[in-house]
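Residue-level structure breakdown
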Amino acid sequence: MKIMEFFMEDERAPVRVDIFLHGAAPEVSRSRIQSLIKSGNVCVCGNVIAECDYRVRSGDVIKLFIPDPEKCGLIPEEIPIEVVYEDEDVLIINKAAGMVVHPGAGNIRGTLVNALLSHCGEALSGISGEQKPGIVHRLDKETSGLMAVAKNDFSHTEICKQFETRDIKRTYWAITIGVPTRPMGVIETFIGRHHINRKKMAVVTVGGKRAVTNYKVIKSIASHSIVECALETGRTHQIRVHFSYMKTPILGDITYAPRKTHSIATKYGASMELRQGRHALHSKTLSFIHPRTKKRLDFQSGLPRDMSDICSTVFGIG
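Notes on the structure follow. (Residues numbered from 1 in each chain as written. Predicted model: local features only at pLDDT ≥ 70, side-chain atom pairs only at ≥ 80, totals over all residues. Heavy atoms only, no water.)

Here we take up the sheet that holds strand β1 (residues 2–7). On the basis of which strands lie adjacent, the open sheet formed by four strands has the order β1-β6-β3-β4 and antiparallel pairing. Sheet topology places β1 and β4 (47–48) at the edges, where each strand pairs with a single neighbour. Pairing analysis gives six bridges linking β1 to strand β6 (residues 61–66), with the strands arranged antiparallel. In the sheet register, Phe7 faces β6, and the bridge partner there is Val61. Along the sheet, helix α2 (residues 30–38) makes contact with β3 (42–44) and β6, crossing β6 at roughly 95 degrees. (Pairing = 2+ DSSP bridges. Helix = DSSP H or I, 4+ residues; strand = E, 2+ residues; numbered from the N terminus. Contact = heavy atoms within 4.5 Å. Axes fitted to C-alpha atoms, helices over the stretch in contact; angles between N-to-C directions.)

Structure follows, in structure tokens:
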């Protein structure tokens, strides 16, 4: 267990303990600090507190106890992953479509996390919990492309801050069924659980979380488009839900698009069938500030074969 001790200076006015600790230990995220407070891991002048809004005053001694990460019970597996970049802090991978990111019900083996444990060992950041070591953001199972992994808690905290401040830039390419009414625009809604099918997300008018997707059409034909999307927020299924909401769902998306529209092979006479359940969405670029060197890193990923074949044959984009 790591113990951090701080002294409240005389000239400072009373301040919330979570705000004080986040300022004193910026390497620990505020949400992590709040969780530690609620679990009894903060003492003020020897007394355990459990309220984040408790105010510390001049002369107070504050101790923050950070438990050692729980040993991960997952099984490392030697699953091939495409490493784009790696150093002591971060790992950038090009995820294949069909790979689940982290274990869940029905998926305890064969996930990206299982592969990461084999590649990196159990030193991966544990902030996201025992089942998600190293995961700072995720891609849906059938979404391919670039994804960042934190190799330690320091990099995890710093990268998460960049998501909050929007210093992380991500663009995706999607093939849509239909053509957006405008060649570029911003989709801004609130996204929450579907009121009937709880496994789906939906645009909602009550509750939900703000979701913003910027898009531009790269090329379109009569019935389909290639669209580039830049995320301002990162809600579950955000791009898929937004384009379904716009009546231009993503090709192959059996959750958010009518099944009869999934193939364009019959019209264009080419072998362009997406694998069953594979939606045409790819994380194409990723840019962020390195947590330790503070230099911006930029990465690009070419389209996978299934999407590039469609782009080449149907849209004439090589």
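The full count for this structure, using the stated rule, is four aromatic pairs. With a centroid separation of 5.8 Å and 75 degrees between ring planes, the pair formed by Tyr215 and Phe243 is classed as edge-to-face. Of this pair, Tyr215 sits in strand β13 (residues 209–220) while Phe243 sits in helix α5 (residues 238–245); the two residues are 28 residues apart in sequence, bridging distant segments of the chain. Neither residue differs from the other here; Tyr215 and Phe243 are each classed as buried. Counting every residue linked through ring pairs, the aromatic cluster contains Tyr85, Phe288 and Phe299. (Phe/Tyr/Trp six-rings, centres within 6.5 Å; stacked < 30°, edge-to-face > 60°. Buried < 20%, exposed > 50% of the residue type's maximum accessible area, 1.4 Å probe, protein only.)

So, about unusual backbone geometry. In this structure, Cys45 is a non-glycine residue whose phi angle is positive, near 55 degrees. Among the secondary structure elements, Cys45 is positioned in the loop between β3 and β4.

Here the focus is the packing of helix α1 (residues 17–24) against α2. Contact geometry for α1 and α2: axes closest at 9 Å, N-to-C directions at 130 degrees. Accordingly, the angle class assigned to the pair α1 and α2 is oblique. The handedness of the crossing between α1 and α2 is right-handed. Seen from α1, the contacting residues are Val17, Asp18, Ile19, Leu21 and His22; seen from α2, they are Arg30, Ile33, Gln34 and Ile37. Residue composition of the contact of α1 with α2, by class: five nonpolar, two polar and two charged. (Parallel < 35°, antiparallel > 145°, perpendicular 65-115°, else oblique. Left-handed = near helix turned anticlockwise from the far one by under 90°. Nonpolar A, V, L, I, M, F, W, Y, C, P; charged D, E, K, R; others polar.)

Attention now goes to the nonpolar core. Side chains that are nonpolar tend, in soluble globular proteins, to be buried together. Counting 38 residues, the largest nonpolar core has Ile175, Ile239 and Phe243 as the members making the most contacts within it. Elements with a minimum of two residues in this core: β8 (90–95), α3 (112–120), β9 (144–150), β10 (169–177), β14 (224–231), α5 and α7 (305–315). Here Ile175 is in contact with Ser225, Pro249, Ile250, Leu251, Ala280, Met307, Ile310, Cys311 and Phe315, once residues within four sequence places are set aside. By size, the runner-up hydrophobic cluster in this structure holds 20 residues, among which are Leu21, Ile33, Ile37 and Ile49. (Core = buried A, V, L, I, M, F, W, Y, C linked by side-chain atoms within 4.5 Å.)

Right, let's talk about the environment of Pro26 for a bit. Structurally, the position occupied by Pro26 is in the loop between α1 and α2. If we ignore the near neighbours within four places in the chain, the residues touching Pro26 are Thr157, Glu158 and Lys161.

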